[in-house]
Amino acid sequence: MFGALIFLELFALVFLIGQFFLQYFLSTRQAKWPGLIFPVLSLLWGLVNALNATTIPAAAAAFVLGGGLPFVLHFALYRLGRSRLEKKNRDRIEKMNIQDL
C-alpha cells in the first residue's frame, strides 16, 4: 500500500515537471505551432475552471490558479525556446554570409 502511494506521487511529480521539459523541447523545434499546444491548453483549462465557479472571486481565483499561472510558465518557456532558436538561426545565416565572401 505504501509503495503504491509513493509510486503515484512520483508519477504525478514526473508528469508535472515533465510537461515543462516537453514544452521547452517543442518550443525549440523549427515549426512554431507545436510549442503553442501547452499554453493554449492551459489557457482553455483556466477558462473551464472559471466557468465552473459559482462566484466572481472564485472564478477569478480558479482562472489564475487553474490556468493563468501554468499559461504564464508555458508561454515564458515558449518565448525562451523561440528566442534561442532565432539566435541559432541568425548565427547560422551569419556564418553562411561570411563563407560567401
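Since we're looking at a predicted model, the values are computed, not measured. (Residues numbered from 1 in each chain as written. Predicted model: local features only at pLDDT ≥ 70, side-chain atom pairs only at ≥ 80, totals over all residues. Heavy atoms only, no water.)

**Thoughts on the overall build of the protein chain**
- Across its full length, the protein chain carries 3 helices and 0 strands.
- Listing the helices and strands of the protein chain from first to last along the sequence gives α-α-α.
- Against the 2.2 N^0.38 benchmark of 13 Å for 101 residues, the protein chain shows a C-alpha radius of gyration of 19 Å, more extended than a compact globule.
- Projected onto the principal axes, the alpha-carbon positions of the protein chain cover approximately 65 × 40 × 15 Å.
- Across the 101 residues in the protein chain, those meeting the buried criterion constitute 21%.
- In the structure as shown, the protein chain presents an accessible area of about 7800 Å², 76% of it carried by carbon and sulfur atoms.
- Separation of charge centres in the protein chain, based on 10 positive and 5 negative side chains, amounts to 3 Å. (Helix = DSSP H or I, 4+ residues; strand = E, 2+ residues; numbered from the N terminus. Rg over C-alpha atoms; globule rule 2.2 N^0.38 Å. Buried < 20%, exposed > 50% of the residue type's maximum accessible area, 1.4 Å probe, protein only. Areas by Shrake-Rupley, 256 points an atom, 1.4 Å probe, with all protein chains shown as cover. Lys, Arg positive; Asp, Glu negative; His and termini not counted. Charge placed at Lys NZ, Arg CZ, Asp CG, Glu CD.)

**A word on the side chain of Ser42**
- Secondary-structure assignment places Ser42 in helix α2 (residues 37-52).
- Note on Ser42: relative accessible area 9%, which makes it buried.
- A polar side-chain atom of Ser42 sits 3.4 Å from the main-chain amide nitrogen of Phe71.
- Beyond its immediate stretch of four places on either side in the chain, Ser42 contacts Gly66, Gly67, Pro70, Phe71 and His74. (Polar contact = N/O pair within 3.5 Å; in protein donor to acceptor, adjacent residues only side chain to side chain. Contact = heavy atoms within 4.5 Å.)

**Looking at a nonpolar patch on the surface**
- Together, Phe2, Leu5, Ile6, Phe7, Leu8, Leu10, Phe11, Leu13, Phe15, Leu16, Ile17 and Phe21 give the surface a local cluster of nonpolar side chains, amounting to about 1300 Å² of exposed area.
- Assignment of secondary structure puts Phe7 in helix α1 (residues 2-27).
- When its relative accessible area of 55% is taken as the criterion, Phe7 is described as exposed. (Patch = residues over 30% accessible without salt bridge, like charges linked within 9 Å, V, L, I, M, F, W, Y side chains within 5 Å. Salt bridge = Lys/Arg side-chain N within 4 Å of Asp/Glu carboxyl O.)

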